[in-house]
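# Topology and contacts: notes
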Amino acid sequence: SALARLQARTGRSLTNRLHLPIPADGIGRAVAIACDGTRTVDQIIDQMVAEAKAGALTVQVDGRPVTDDQQLRNILSSQVQGSLASIARGGFFAP
């Protein structure tokens, strides 16, 4: 929803369709912002990779930033899929 995307930009929790606050991490918030109905999952992953490369999103392994494109894509693909599943379970998508 537009409200959840706004909250993702400004806070640490999102309000679902049942009006319950659900905590969201940085990747979860970024994915929620991207879920506006105009992007495929692959396009959301591409956007997250671009944000990581631009420094707007931090991806680390063992405390070190990841800069390799393929490693970023692999990590973010898994995280985006997990975030989408969590968002769906949280009641953010309309049936």
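Residues numbered from 1 in each chain as written. Predicted model: local features only at pLDDT ≥ 70, side-chain atom pairs only at ≥ 80, totals over all residues. Heavy atoms only, no water.

## Observations concerning the overall build of the chain
What counts, and what does not: Secondary structure follows DSSP: runs of H or I at least 4 residues long count as helices, runs of E at least 2 residues long count as strands, and numbering of each begins at the N terminus. Values of the radius of gyration come from C-alpha atoms, whereas the globule rule sets the reference at 2.2 Å times the count of residues to the power 0.38. For the exposure calls, accessible area comes from a 1.4 Å probe over protein chains only, and a residue counts as buried if that area is under 20% of its type's maximum, exposed if over 50%, partly exposed in between. Here a residue-residue contact requires only that any non-hydrogen atoms of the pair lie within 4.5 Å. Under the convention used here, a 1.4 Å probe and the Shrake-Rupley method define accessible areas, while residue burial counts only the protein chains that appear. We count Lys and Arg on the positive side and Asp and Glu on the negative side, and we leave His and both chain ends out. Every charge is mapped onto a representative atom, which is NZ of Lys, CZ of Arg, CG of Asp or CD of Glu.
The helix and strand inventory of the chain stands at four helices and four strands. Relative to the globule expectation of 12 Å for 95 residues, the C-alpha radius of gyration of the chain, 13 Å, shows essentially globular dimensions. Taken over the C-alpha atoms alone, the chain extends approximately 40 × 25 × 20 Å along its principal axes. In the chain, which comprises 95 residues, the proportion classed as buried is 37%. Long-range contacts, defined as pairs at least 24 residues apart, comprise 46% of the intrachain contacts of the chain with a sequence gap of at least 6. Counting only carbon and sulfur atoms, one obtains 52% of the accessible surface of the chain, whose full area is about 5,900 Å². Each charge sign in the chain was given a centre, from 10 positive and 8 negative side chains, and these centres are 8 Å apart.

## Some remarks on the confidence of the model for the chain
Applied cut-off: A residue's pLDDT is the predictor's confidence in that residue, given on a scale from 0 to 100.
The predicted model of the chain has a mean per-residue pLDDT of 88, with 98% of residues at 70 or higher. Helix H1 (residues 2–10) is the least confidently modelled element of the chain, averaging 79 in pLDDT, while helix H3 (residues 41–54) averages 94, the highest of any element.

## Focus on the side chain of Arg 5
For the record, the criterion: What counts as a salt bridge is simple: a side-chain nitrogen of Lys or Arg found within 4 Å of a carboxyl oxygen of Asp or Glu.
Within the secondary structure layout, Arg 5 lies in helix H1. The buried charged residue Arg 5 lacks any salt bridge, with Asp 36 as its nearest oppositely charged partner at 5.4 Å. Excluding its chain neighbours within four sequence positions, the residues that come into contact with Arg 5 are Ala 32, Ile 33, Cys 35 and Asp 36.

## Focus: unusual backbone geometry
The backbone of His 19 shows a phi angle near 65 degrees, a positive value even though the residue is not glycine. Its place among the elements puts His 19 in the loop between strand E1 (13–15) and strand E2 (21–23). Of note, Asp 62 is a non-glycine position whose phi angle comes to about 55 degrees, a positive value. Looking at where Asp 62 falls in the secondary structure, it is placed in the loop between strand E3 (60–61) and strand E4 (64–65). Classification of Asp 62 as exposed rests on a relative accessible area of 75%.

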